[in-house]
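# Secondary and tertiary structure notes
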Amino acid sequence: MTAFQHYQVRGLCTLNFTAASDMMSKTATDCWAFFAPVLANVVCCPQLEATLTTLIGHSSKYSRMLSLNITHAKHCLSDVEKILESQGANKTVQKICSIQPKNLTEASCPVTKVDAFESIVDSSKLLAACQKVDPVNECCQEVCQNAILDAARKLAEIGIAANLEGVHAVPEQSTRIDDCKNIVLRWLASNLDPSSANKVLRGLSNCKVNKVCPLVFPNMTRVVKECANMITSQAACCKAMDSYVSQLQEQSFITNLQALNCAASLGVKLQKANVSNNVYQLCHINLKDFSLQVGSQEYGCLLPSLPSDATFDKTSGVSFICDLNDNIAAPWPSSISEPPSSCNRTTKIPAVPKATSAQSGLYKNLMLPFLFSSLVVLKLLL
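## Re the packing of aromatic side chains
Throughout the structure, instances matching the rule amount to six aromatic pairs. Ring geometry for Phe35 versus Phe320: centroids 5.3 Å apart, planes at 85 degrees, classification edge-to-face. With Phe35 in the loop between helix 1 (21–30) and helix 2 (36–63) and Phe320 in the loop between strand 6 (317–319) and helix 15 (370–381), this pair connects stretches of sequence that are 285 residues apart. A single burial state applies to Phe35 and to Phe320, both of which are buried. Ring geometry for Tyr280 against Trp332: centres 5.1 Å apart, planes inclined by 85 degrees, an arrangement best described as edge-to-face. Here Tyr280 is found in helix 14 (residues 279–282), whereas its partner Trp332 is found in the loop between strand 6 and helix 15, with 52 residues between them in sequence. Tyr280 sits in the buried class, given a relative accessible area of 1%. Of the aromatic side chains, those joined through ring pairs into one cluster are Phe35, Phe253 and Phe320.

Take a look at the structure:
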């Protein structure tokens, strides 16, 4: 299926959609209509961002520019959204992923021309560090991430020098560096084929995704009332805890490492509210309990911590793999501190569940057919 099969672009955007047609199709599947809201943080939005970065990066081969102006950005983002929608993606994917036309511009980064970029940055060093990204080791060793940061800082410093005369106010340094990181990523994508660029960009975004808990924690008043200090009724405490966790289960699918972060974050919040007892152990709270629940038997579905995608099959529709088998107890924080890091070898973290294509069986992996999953999502919307 090509990007133009169901939607005729207007010609106002000069990005080469055909060259990245495989990425566009992958993005459409990852952001499939019913899945997009619940796969946004882990699958859909990282893939959409990788696709946009690659499209702009590859366009720089002939435009020699690593950004779009705001008018061009509006046209291109509109075309991307329409193409994806024609292939089955959620029609509000732009809103779901908080992507705006300004995200396709240079923002506050002062360097946008390829020639200027390559005169400032040690491009051979950057490419050597990021040409291939190990999705496991990179998140801890940060070889490519450090190279990107170093390049972004060099670009951002040009902005400081150019604005010394005070003609324009210089944005905050951290914001400028972040904007320049986007320029660096586009340059990287332009020097790799689309498939390799996608792997690198998804690997990098995956490190960021797994460092945080994407869930929004609702008010804990009832849990604190029933579970704080000396628990008078275990049944009342666990009922309040189960009710609280059920609200988290209505939000989104998360990875196993995100579940660790969520368990730690909630545990710290509870400890600060004088819940000193290990209510996870008391109430049998597992890591899977922090993710969206699947099916009538309410299996928690943890996505793998490595980059993953949904797949499309003409017979079964859209599906993705998640782990249903590992009933790992949620770890209660030992102190009111930062969540444990999977990179800290001295930190005791329970075995992280793995979901790979090598596993099989209903209780190992769940291949969620489009029809079945749409019912699950619709249930959430009622």
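Alright, that's what it looks like, and here's the rest.
## Some remarks on the nonpolar core
Among the nonpolar cores identified, the biggest contains 60 residues, and Leu104, Phe117, Leu126, Ile148 and Leu155 are the most heavily contacted of them. Among the elements of the structure, helix 1, helix 2, helix 3 (70–86), helix 5 (114–120), helix 6 (123–130), helix 8 (143–162), helix 9 (173–190) and helix 10 (194–209) are those that each provide at least two residues to this core. A per-element tally of this core places helix 2 first, with nine residues. Ignoring anything within four residues of it in the chain, the contact list for Leu126 reads Phe117, Val121, Ala147, Ile148, Ala151, Val184, Trp187 and Leu188. If you look at the next biggest cluster of nonpolar residues, it comprises 33 residues, including Cys213, Tyr280, Cys283 and Leu287.

## As for the packing of helix 2 against helix 9
Taken N-terminus to C-terminus, the directions of helix 2 and helix 9 make an angle of 65 degrees; their axes are 7 Å apart at the nearest point. Judged on the interaxial angle alone, helix 9 and helix 2 are roughly perpendicular. Considering only the axes of helix 2 and helix 9, their crossing is right-handed. Contacts from Thr53, Thr54, Ile56, Gly57, His58, Ser60 and Lys61 of helix 2 reach helix 9 at Leu185, Arg186, Ala189 and Ser190. A breakdown of the residues in the contact of helix 2 with helix 9 according to their chemical character gives three nonpolar, six polar and two charged.

## Comments concerning the environment of Ala228
Relative to the assigned elements, Ala228 resides in the loop between helix 11 (221–227) and helix 12 (234–248). Beyond its immediate sequence surroundings of up to four residues, Ala228 is in contact with Val223, Ala273, Asn274 and Val275.

## Points about the state of the cysteines
Following the criterion strictly, the structure yields ten disulfides and no others. The disulfide bridge from Cys109 ends at Cys180, spanning 2.3 Å between sulfur atoms. Between Cys109 and Cys180 the disulfide shows an S-S torsion of about 100 degrees. By sign, it is right-handed. Taken together, the positions of Cys109 in the loop between helix 4 (93–96) and helix 5 and Cys180 in helix 9 put the pair 71 residues apart, joining distant regions of the chain.

## Description of the packing of helix 1 against helix 2
In contact at an axis separation of 9 Å, helix 1 and helix 2 are set at 160 degrees when each is read in the N-to-C sense. One element, helix 1, and the other, helix 2, form an angle in the roughly antiparallel class. Remark: the crossing between helix 1 and helix 2 carries left-handed chirality. Listed contacts from helix 2 to Met23, Met24, Lys26, Thr27 and Asp30 of helix 1 are Leu39, Val43, Cys44, Gln47, Leu48, Ala50, Thr51, Thr54 and Leu55. Residue composition of the contact of helix 1 with helix 2, by class: eight nonpolar, four polar and two charged.

## So, the side chain of Thr105
Relative to the elements of secondary structure, Thr105 occurs in the loop between helix 4 and helix 5. Judged by its relative accessible area of 12%, Thr105 is buried. Within the local environment of Thr105, its side chain forms a polar contact with the backbone nitrogen of Ala107, the two atoms lying 3.1 Å apart. Setting aside chain neighbours within four positions, we find Thr105 in contact with Ser67, Leu68, Asn69, Ile70, Ala73 and Arg186.

## What to know about unusual backbone geometry
The residue Arg64 is not glycine, and still its phi comes out positive at about 60 degrees. Of note, Arg64 is situated in the loop between helix 2 and helix 3. Residues other than glycine seldom take positive phi values, yet Asn229 does so here, at roughly 55 degrees. Summarising the element assignment, Asn229 is placed in the loop between helix 11 and helix 12.

## A short note on helix 9
Under the 1.5 Å per step criterion, the end-to-end length of helix 9 is 26 Å for 18 residues, consistent within 8% with the ideal 26 Å. Where helix 9 is concerned, the buried positions are Arg176, Ile177, Asp179, Cys180, Ile183, Val184, Leu185, Arg186, Trp187, Leu188, Ala189 and Ser190.

Rules used in this analysis
Residues numbered from 1 in each chain as written. Predicted model: local features only at pLDDT ≥ 70, side-chain atom pairs only at ≥ 80, totals over all residues. Heavy atoms only, no water. Phe/Tyr/Trp six-rings, centres within 6.5 Å; stacked < 30°, edge-to-face > 60°. Helix = DSSP H or I, 4+ residues; strand = E, 2+ residues; numbered from the N terminus. Buried < 20%, exposed > 50% of the residue type's maximum accessible area, 1.4 Å probe, protein only. Core = buried A, V, L, I, M, F, W, Y, C linked by side-chain atoms within 4.5 Å. Contact = heavy atoms within 4.5 Å. Axes fitted to C-alpha atoms, helices over the stretch in contact; angles between N-to-C directions. Parallel < 35°, antiparallel > 145°, perpendicular 65-115°, else oblique. Left-handed = near helix turned anticlockwise from the far one by under 90°. Nonpolar A, V, L, I, M, F, W, Y, C, P; charged D, E, K, R; others polar. Disulfide = S-S within 2.5 Å. Polar contact = N/O pair within 3.5 Å; in protein donor to acceptor, adjacent residues only side chain to side chain. Expected span 1.5 Å × (residues − 1).

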